[in-house]
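Overview (structure and organization)
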Amino acid sequence: MRKKIFFLLLIICTFFISACSNTDNNNEKVTVTFSDAGWDSIKFHNAVAGYIGKHAYNVEQKTIMGSSSIVQAALVRGDIDVNMELWVDNIPSYHKDMKTGKLVNLSTNFDDNKQGFYVPRYIIEGDEDRGIKPLAPNLKTVKDLKKYSHLFKDPENPDKGRIYGAVPGWAIDEIMYKKYKAYGLNKDFIYFRAGSEAASNTAFISAYTKGEPIVGYNYEPTWISGKLDLVLLKDAPYSQEAFEEGLTEARSVPVLVVANKQLLTKAPEFTEFLKHYHTSSALTAEALTYIADNKATYEETAIWFLKKHPELLAKWLPNDKAQLVNDALNEKNTSSSKFLTEFPEQLKIDLTAPIDNFIKYINAKYGQFFNSIKDILTAVILGIENLLNLIPWWVTILLTVLAGKETSGKWRNGVLFGLSLFAIGIFGYWNMMNETLAVVIASVILSLLIGLPLGILVSTNKLAADIMRPLLDAMQTMPTFVYMIPAVMLLGPGKVPAVLATVVYAVVPVIRLTSHGIQQVDQEIVEAAVSFGSSRWQTLFKVQIPQALPTIMAGVNQTMMMAIAMVVTCAMIGANGLGMEVLIAINRTESGRGFIAGISIVIIAIIIDRLTQSIVKNKKE
């Protein structure tokens, strides 16, 4: 009887909450899909337009995320209705797409932005409050960088400086790379692609926190430009033809609100509002700084922004629609329906600020310590890479053929492996393969050095097992980007944080399977060894580990596979190689390039998997 009453009350509450949450939805809603290319400013403008759409036009907002090229293709197809922030010069296909007649320019969001190579102001002028002296007082232009390569040392190649490029796949990245070569900077600098805007921003924040030199591509408006005091290096006056060769400054790029033509009939009134939508670089930077300083959500920032700038509503909307939005902005909903449908604000606890402050403190206080770790790991990774490059390509293929024959007992398998590696060379990815293998090998070595002892400890110590179990569960389930952020913050983008992130992700199988293999050894065999006078260590190393070796090798195999699986993800924090090729192909929607680079990664994974599995099989026999 009690169960029936409970379920009846549950059904009544569900219907009540549903009814309360839909009291204001009497009119049929129109779903408008926005593009989200990932950066903060487009998310902010989406939030502003979405808030106005919801309260003035009964529009339900939906977003589709992807790189600039991906969401552009979706906009042309009609999967996306509107892009609130389309950077004309960063979309190679823009003019071609407009000629299809499927897209329409609704308005210019802002056109007073800047972009180019930036340095922190303290590099040029110093910072008395932080005790930083001017390091390059005569650094004014991009050409002047040739004199200062020694300031901006590349951690992976200390004989040269490092210039951070734009996000791989952006059209401006090609221009900046041409500039890098046209001005002769390629003689003394490495053009380093951080892999993603987040990694590039983190590099700037990390260097700024430590007061270290950094130079790289950036643009305005971003929260970086609003929060950090950066100086845009001067260049020759803009001209279209010379700019495309990298010989002039960038113009202020028109940032447009572009819609698929279907939006004109789907939501005509909302489209009319978008035709009047216009902000500025300064206004956008102001909002982004608010987000960074207050850890605010995009919707919270949109509400703050609209309250602070009521004049914008008057320009964008008719009086009756502006009044609806103002009513929503000033509404204080404390009704029971709000309480039942949304988690109470009073109960929310902000833990992000203390964590961020802790990472910044560690970065500033112990920056030299982490630099030392980075130098050691960089030397290891580059040592492996140099060794791989030192071996002639035909020797590598021959050794692979012999390894395949030796492990499987069949020449056919060895020859197939060799031909597969030869195919990677034909694709033009041999050097990139070595870069990728260097990161994978370093990650696997570090994983084994950590994982094997921990696996043995877990198998023999119950307390250690109880402590490690939840940690291993967290390492396996936590999104990789979560621990990539502090890794890049402390060590900068590149191969070193890629290796550490890979270790966190890939070390779990070898720990678990080492422990499992040792625990599964027949207890009668262990007791027999003890009865013949074997010590604990003798029993472990001469009986249990040899017996568990097939299972341990299976863990090694899985660790290798998981390390390879991280190749593309690590490219997003600046690890060059085949993963970067896939990332560039994704950003440029170049299917062929992505497919060939992806196939090359698959070939490496299959060869390693088959070799290690054959070893496991031989151990079992």
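Here, every reference points to the structure presented above.
Here's a quick rundown of the structure. (Residues numbered from 1 in each chain as written. Predicted model: local features only at pLDDT ≥ 70, side-chain atom pairs only at ≥ 80, totals over all residues. Heavy atoms only, no water.)

With that out of the way, let us pick up the packing of aromatic side chains. Following the criterion strictly, the structure yields 21 aromatic pairs and no others. Geometrically, the ring pair formed by Phe273 and Tyr277 is edge-to-face, given 5.9 Å between the ring centres and 80 degrees between the ring planes. Of the two residues examined, Phe273 and Tyr277, each falls in the buried class. Aromatic pair Tyr277 and Trp316: ring centres 4.5 Å apart, planes at 25 degrees, arrangement stacked. In this pair, Tyr277 is assigned in the loop between helix 11 (268-275) and helix 12 (281-294) and Trp316 in helix 14 (residues 310-316), connecting sequence segments 39 residues apart. (Phe/Tyr/Trp six-rings, centres within 6.5 Å; stacked < 30°, edge-to-face > 60°. Buried < 20%, exposed > 50% of the residue type's maximum accessible area, 1.4 Å probe, protein only. Helix = DSSP H or I, 4+ residues; strand = E, 2+ residues; numbered from the N terminus.)

Looking now at the pattern of salt bridges. Counted under the stated rule, the structure contains 21 salt bridges. A salt bridge links Glu125 to Arg121, with the nearest nitrogen and oxygen atoms 3.1 Å apart. Taken together, the residues Glu125 and Arg121, both in helix 5 (residues 121-125) and four residues apart, mark about one turn of the helix. A salt bridge links Lys495 to Glu385; the nearest nitrogen and oxygen atoms lie 4.0 Å apart. Separated by 110 residues along the polypeptide, Lys495 in helix 24 (residues 495-519) and Glu385 in helix 18 (residues 367-390) bring together distant segments of the chain. Among the ionic contacts, a cluster of salt bridges with common partners joins Glu156, Glu385, Glu435 and Lys495. (Salt bridge = Lys/Arg side-chain N within 4 Å of Asp/Glu carboxyl O.)

As a further point, take the pairing of strand 11 (residues 255-260). For strand 11, the tally of buried residues reaches six of six residues, placing the bulk of the element in the interior. Bridge count between strand 3 (residues 82-87) and strand 11: four bridges; the pairing is antiparallel. Pairing of Trp87 across the sheet is with Val255, part of strand 11. Judged from the six bridges that link them, strand 4 (residues 103-110) and strand 11 form a sheet pairing that is antiparallel. From the neighbouring strand, Thr108 faces strand 11, where its bridge partner is Leu256. (Pairing = 2+ DSSP bridges.)

Running from N to C, helix 25 (residues 523-531) and helix 26 (residues 536-565) cross one another at 160 degrees; their axes reach a closest spacing of 10 Å. As judged from the angle between their axes, helix 25 and helix 26 are roughly antiparallel. Crossing handedness for the pair helix 25 and helix 26: right-handed. Contacts between helix 25 and helix 26 involve Ile525, Val526, Ala529 and Val530 from the first element and Thr539, Val543, Gln544 and Gln547 from the second. When the residues that make up the contact of helix 25 with helix 26 are grouped by side-chain class, the tally is five nonpolar, three polar and no charged. (Axes fitted to C-alpha atoms, helices over the stretch in contact; angles between N-to-C directions. Parallel < 35°, antiparallel > 145°, perpendicular 65-115°, else oblique. Left-handed = near helix turned anticlockwise from the far one by under 90°. Contact = heavy atoms within 4.5 Å. Nonpolar A, V, L, I, M, F, W, Y, C, P; charged D, E, K, R; others polar.)

Most of helix 3 (residues 68-77) is tucked away: seven of the ten residues are buried. Listed as buried for helix 3 are Ser68, Ser69, Val71, Gln72, Ala74, Leu75 and Val76. The positive-phi residue at the C-terminal boundary of helix 3 is Gly78, with phi of around 100 degrees.

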